[in-house]
Protein chains: 2
Amino acid sequence: MTKIGILGYGNLGRGVECAIKQNDDMELVCVFTRRDPAGVKILTDGAKVVSVNDIQNYRDAIDVLIICGGSATDLPKQTPEYAKYFNVIDSFDTHAKIPEHFANVDRSAKEGGNIALISVGWDPGMFSLNRVYANAILSDGADYTFWGRGVSQGHSDAIRRIEGVVDARQYTCPVESAVESVRRGEQPELSTRQKHTRECYVVAAEGADKAKIEKEIKEMPNYFADYDTTVNFISKEELERDHKGIPHGGMVIRSGRTGWNLENRHVIEYSLKLDSNPEFTSSVLIAYARAAMRMHAEGQRGCRTVLDVPPAYLSPMSDEELRAHML
Amino acid sequence: MTKIGILGYGNLGRGVECAIKQNDDMELVCVFTRRDPAGVKILTDGAKVVSVNDIQNYRDAIDVLIICGGSATDLPKQTPEYAKYFNVIDSFDTHAKIPEHFANVDRSAKEGGNIALISVGWDPGMFSLNRVYANAILSDGADYTFWGRGVSQGHSDAIRRIEGVVDARQYTCPVESAVESVRRGEQPELSTRQKHTRECYVVAAEGADKAKIEKEIKEMPNYFADYDTTVNFISKEELERDHKGIPHGGMVIRSGRTGWNLENRHVIEYSLKLDSNPEFTSSVLIAYARAAMRMHAEGQRGCRTVLDVPPAYLSPMSDEELRAHML
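Residues numbered from 1 in each chain as written. Chains lettered and ligands numbered in written order. Predicted model: local features only at pLDDT ≥ 70, side-chain atom pairs only at ≥ 80, totals over all residues. Heavy atoms only, no water.

Read from one edge of the open sheet, six strands run S7(A)-S12(A)-S13(A)-S13(B)-S12(B)-S7(B), paired in antiparallel fashion. Looking along the sheet, the strands with just one partner apiece sit at the ends: strand S7 (141-147) of chain A together with strand S7 (141-147) of chain B. Averaged over all pairs of adjacent strands, the angle between their axes in this sheet comes to 5°, without regard to strand direction. Of the pairings in the sheet, the one linking S7(B) to strand S12 (residues 248-258) of chain B comprises seven bridges and is antiparallel in character. Its bridge partner being in S12(B), Phe146(B) is matched across the sheet by Met251(B). Where helix H10 (residues 277-297) of chain A meets the sheet, its contacts fall on strand S12 (248-258) and strand S13 (264-274) of chain A together with S12 and strand S13 (264-274) of chain B, and the angle it forms with S13(B) comes to roughly 70°. (Pairing = 2+ DSSP bridges. Helix = DSSP H or I, 4+ residues; strand = E, 2+ residues; numbered from the N terminus. Axes fitted to C-alpha atoms, helices over the stretch in contact; angles between N-to-C directions. Contact = heavy atoms within 4.5 Å.)

In structure tokens:
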């Protein structure tokens, strides 16, 4: 039984709680929160809600701490801090800052004699794995990653900050013709605009200037200006009814050539269609919690990523069972 | 530079030779053959062709021996034998006999102080990996593997053994409607017939009874009787022109549910579209040769499978480069 602590109880923390319920070898011991614990209601009978200020008292009660904070400001502080006291896992997803985060976490985890797995999820995470596998196999080729159709929290937030906007939901969508070309192994050169479109559903305040809102969205640098963006104004009720979920997904495709004269073409594709982005990410986190336990038991210390973990370590099956049934 | 020996120079051996050419850190030292070496012409300048009887003289010249024999009779003998003297890799694909093969190879490899990787390729191999990853992530779900559209050598051979057949090519094809249902996450129960069809292209001898040949194919137990099979009679020229390649592929799909009440659905799919089955398998073998070197250098001894190998070990990039660019 692997005893799990969850730090932070937002969408991701709740997802981890659900994933623990689905795995018989996992047990939720407690949820740590920065809020008043009395105000945080969780779903699991027998698990506690504890102030993060008391987390040190749980060093012996927890095998792996899953840190469910945000990548912008929470994780760069939390993961190095708690890797001193616990085996930890996070889903740090600021790609450009992974080397720096890795170095900080590695130092702490070694100091504490713990194992830390960072950037666990689907991108970074399962998509990264698939990029590495496909590149190692097809050394002559081209990589493509498409995201969506799915909700981008960052882009939805950016729309909400516009004057006159009450609420908003933004979907990132892959351009189907681009995906088809890549799947045929044509190795097209694709601009940002040719890969994804952005679909916005916006609830405007009464009397707000909708034309102005639409223009502001479409011209927003970095977020929307480089994309074909559509803006749909809907009611608050419609947003609640039709856009409540947090679906996402995407695909990693590599096409490449083999043969003495590169005469043969191959396409490798990994794709995800997810009803709930945070719950899927949580399910990945829990599988890697199992791996973290095994790596720690072997004497491994310090920071690792999904690229360092043998696939067998994620499974509750023994190596013998895996060879007999899954290979 | 990893020095490679190839044992057996059929389609797979030639594929490995091509894959070595594509990887700057790999070098083909020699091809070992059971035939008269004088009669075997290879493509690589500077590499030798040597009788398998002299293989012992090359123990110091080779880092990894890639054994390119067949799974039915060659590999069960060859891999345990040569694992005593070399780090070895094979693509043993008789799923039911993997545990027995593993035990035999493990014993020899430990005795010789070598590392052995068995059942490397795409199924078993990349498909196995993806089954394990997807099962570890979505613990509540269903697995589906579809093969094709691709040439089945075994089924083509079975047709060729029928009286009056000069030559034949058999394609295994996934049933598109079944694939679509699985992709929608419907978790259908599918019979053998509902998953794949079999498409046969047959060159009949002059004056042969085509109706009888077609009946014999369609009623052949195990091979065709459980499938919807179509038989097309074509000329020898058409077979040469349109069916010379060895394409294959397929997909591993797992759909599953998450959430406190399993209210959210997810679909994970890994798919391959391959112009040349043996060349793709060879490319996987060469990536794992790199991993075998690293595992041996770490002091690992004995038999392993793809499930035991961290993804990073397949890549020519350093761990730092992988974290910076691929994660």
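It is worth spelling out the side chain of Arg131(A) at this point. Within the fold, Arg131(A) resides in helix H4 (residues 126-137). Accessibility expressed as a relative area gives 12% for Arg131(A), which makes it buried. Within the structure, Arg131(A) has its side chain in polar contact with the side chain of Thr145(A) (distance 3.1 Å). Setting aside chain neighbours within four positions, we find Arg131(A) in contact with His95(A), Asp123(A), Thr145(A), Val252(A), Met326(B) and Leu327(B). (Buried < 20%, exposed > 50% of the residue type's maximum accessible area, 1.4 Å probe, protein only. Polar contact = N/O pair within 3.5 Å; in protein donor to acceptor, adjacent residues only side chain to side chain.)

This next bit is on the interface of chain B and chain A. Counting residues at the interface gives 70 residues for chain B and 70 residues for chain A. For the chain B face of the interface with chain A, the top three residues by lost area are Trp260(B), Arg323(B) and Leu327(B), together amounting to 15%. Between the two partners, chain B and chain A, sit zero salt bridges. Run the count over chain B and chain A and you get 29 residue pairs in polar contact (both at pLDDT 80 or more). Elements with a contribution of two residues or more to the side of chain B that touches chain A: helix H1 (11-21), helix H3 (98-112), helix H4 (126-137), S12, S13, helix H10 (277-297) and helix H11 (319-325) of chain B. Broken down by element, the side of chain B that touches chain A gets its largest block of residues, eleven residues, from S13(B). Here the residues of the side of chain B that touches chain A are counted per class, giving 35 nonpolar, 18 polar and 17 charged. (Buried area = accessible area lost by both parts, 1.4 Å probe. Salt bridge = Lys/Arg side-chain N within 4 Å of Asp/Glu carboxyl O. Nonpolar A, V, L, I, M, F, W, Y, C, P; charged D, E, K, R; others polar.)

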